[in-house]
Amino acid sequence: MKVRDLQHEVLPQATPEELSRQRAVVSLRKLLNARVRSGNVARFASEGAPAFAARHGRQPQSPGDIRAALFESQRYRMWSAANRSAQEMLWVSVGEPVYRDLDRMEAAARALAESPDRRGSLTLDPAYDPSPEVADIDIHLQPGGYGMDRGPDDVVAGALYETGGNVFSFGQGAGRGDSKTGVAVRLLAEHFPGFVPTRILDLGCSAGAATAAYAATFPEAEVHAVDIGAGMLRYAHARAESLGVAVHFHQMDASALSFPDDSFDLVVSHNLMHEIGAEKRRAMIRESARVVRAGGVVIHQDVAIRFEPTLVHQVERDWDTHFNDERHWHTYASADLIADMRAAGFEADGIVEHNLAAIHGSNRWYAITAQKQA
């Protein structure tokens, strides 16, 4: 099953030429990641460190030294420039079909949201002011960012996120059958056998792909999702309705939920922790502990960048912090998430960190889980 490019009514309908440009970006990103970036640490040893020592009369030691030494390598500089250009090309390649097809997409989203047969719901707060920590940043260079809202029918943020995310992921080596929800469901089956959720909450749902997958996987469950952006949520709601699953979307900050205590028996987040700072992350984890019921499970899943073997690997990994508008990439990668979970009230012996294989493709995922005690 192709879960990363599901067809639905609000997905931009790209022309053959637009699809060709997207495939070209995927191929370029695969080349830069698999064939070029994989040699960056070796280039530090063979080119960067010797050049740094010749310039400064000492070996690079601190993260700042190592970053400067990497840029002493001409091949690293070429990769860095090409990688930034490829990310910008990604947004051009998906932005063209989004804006060309926008009238149709907005009409489809409006019809789905207003349909008498709709299964879920969408609750927006006109007075809500999205957190500038997220909304004021074009995270991974997405134009307008996650909080962009261009008007009462706007769905651009969600359309960019889904289509751009697919091109990005395929360029990273993700298979079309990969699914963050699939990884989490497999984790549930392996570590919490017999656990079947009846109320699910997805924190930071973005365009709603993972949320809709939970609703499809657990059709008897009541599924809720929160995110900060009205444009993102309109798209997510229409997407879920088009796919025939019931999800209740709310414009809400994951670090300040309005749900009562003990409201859900499964609380999840996907790729949220690396998008928010330490204070907001800790508040989000506290909220997940508050709203999950006794016996319920919390899964916070994210990118697998937390266990690099050396300081050089860590600095090389942090390219995204400096050049891809991932302001909290390093903050997440170096965080003591077990301490955060313990501070939120989870028992230490029930907290587990996981290094997870993807469902399909070469990627890996990180997750931290806990089950709330009575």
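First, a word on what this report is: a plain description of the structure on this page. On a predicted model such as this, the values are computed, not experimentally measured, just so you know.

Reading the values: rules and limits
- Residues numbered from 1 in each chain as written.
- Predicted model: local features only at pLDDT ≥ 70, side-chain atom pairs only at ≥ 80, totals over all residues.
- Heavy atoms only, no water.
- Helix = DSSP H or I, 4+ residues; strand = E, 2+ residues; numbered from the N terminus.
- Buried < 20%, exposed > 50% of the residue type's maximum accessible area, 1.4 Å probe, protein only.
- Contact = heavy atoms within 4.5 Å.
- Areas by Shrake-Rupley, 256 points an atom, 1.4 Å probe, with all protein chains shown as cover.
- Lys, Arg positive; Asp, Glu negative; His and termini not counted.
- Charge placed at Lys NZ, Arg CZ, Asp CG, Glu CD.
- Expected span 1.5 Å × (residues − 1).
- Polar contact = N/O pair within 3.5 Å; in protein donor to acceptor, adjacent residues only side chain to side chain.
- Axes fitted to C-alpha atoms, helices over the stretch in contact; angles between N-to-C directions.
- Parallel < 35°, antiparallel > 145°, perpendicular 65-115°, else oblique.
- Left-handed = near helix turned anticlockwise from the far one by under 90°.
- Nonpolar A, V, L, I, M, F, W, Y, C, P; charged D, E, K, R; others polar.
- Phe/Tyr/Trp six-rings, centres within 6.5 Å; stacked < 30°, edge-to-face > 60°.
- Lys NZ or Arg CZ within 6 Å of the ring centre and 35° of its normal.

Comments concerning the overall build of the protein
Summing up its helical and strand segments, the protein has 15 helices and eight strands in all. Principal-axis analysis of the C-alpha atoms places the extent of the protein at approximately 70 × 55 × 40 Å. The 374 residues of the protein split such that 55% are buried. Within the protein, contacts between residues at least 6 apart in sequence are counted, and of these 78% link residues at least 24 apart. For the protein, the accessible surface area stands at approximately 15,900 Å², while carbon and sulfur atoms represent 52% of it. In the protein, the 39 positive side-chain charges and the 49 negative ones have mean positions that sit 6 Å from each other.

Considering helix α10 (residues 230–242)
With 13 residues, α10 extends 18 Å between its outermost C-alpha atoms, agreeing within 8% with the 18 Å of an ideal straight helix rising 1.5 Å per residue. The buried fraction of α10 amounts to 13 of the 13 residues, a majority that puts the element mostly inside the structure. Downstream of α10 by a residue or two, Gly244 has a phi angle that is positive, lying close to 80°.

Regarding the environment of Arg118
Note that Arg118 resides in the loop between α5 (102–114) and β1 (121–123). The class for Arg118 is partly exposed, based on a relative accessible area of 41%. Look past the residues within four positions of Arg118 in its chain and what remains in contact with it is Leu112, Ala113 and Glu241. Within polar-contact distance, the side chain of Arg118 engages the backbone oxygen of Ala113 at 3.5 Å. At 3.4 Å, the side chain of Arg118 forms a polar contact with the backbone oxygen of Glu114.

Here we look at the packing of α5 against α10
Here α5 crosses α10 at 70°, and the two axes come no closer than 9 Å. Taken together, the axes of α5 and α10 lie roughly perpendicular to each other. Pair α5 / α10 crosses with left-handed handedness. Side by side, α5 and α10 meet where Ala109, Leu112 and Ala113 of the first sit next to His237, Ala238, Glu241 and Ser242 of the second. Residues belonging to the contact of α5 with α10 are distributed by class as follows: four nonpolar, two polar and one charged.

Some words on the packing of aromatic side chains
Inspection of the entire model under this criterion finds nine aromatic pairs. Note on Tyr76 and Trp79: the rings are 5.5 Å apart at their centroids and 40° apart in plane angle, and the pair reads as tilted. Here Tyr76 and its partner Trp79 are both found in helix α4 (residues 74–100), three residues apart, which amounts to about one turn of the helix. Residue Tyr76 is classed as buried on the basis of its relative accessible area, which comes to 3%. Centre to centre, the rings of Phe307 and Tyr366 are 6.0 Å apart; their planes meet at 55°, and the pair counts as tilted. In this pair, Phe307 sits in the loop between β6 (292–303) and α12 (311–317) while Tyr366 sits in strand β8 (residues 364–371), placing the two residues 59 residues apart along the sequence. The exposure class of Tyr366 is buried, given its relative accessible area of 2%. In this structure an aromatic cluster arises from ring pairing among Phe71, Tyr76, Trp79, Trp319 and Phe323. Across the ring face of Phe264, the terminal group of Arg199 is positioned such that the distance to the ring centre comes to 4.6 Å.

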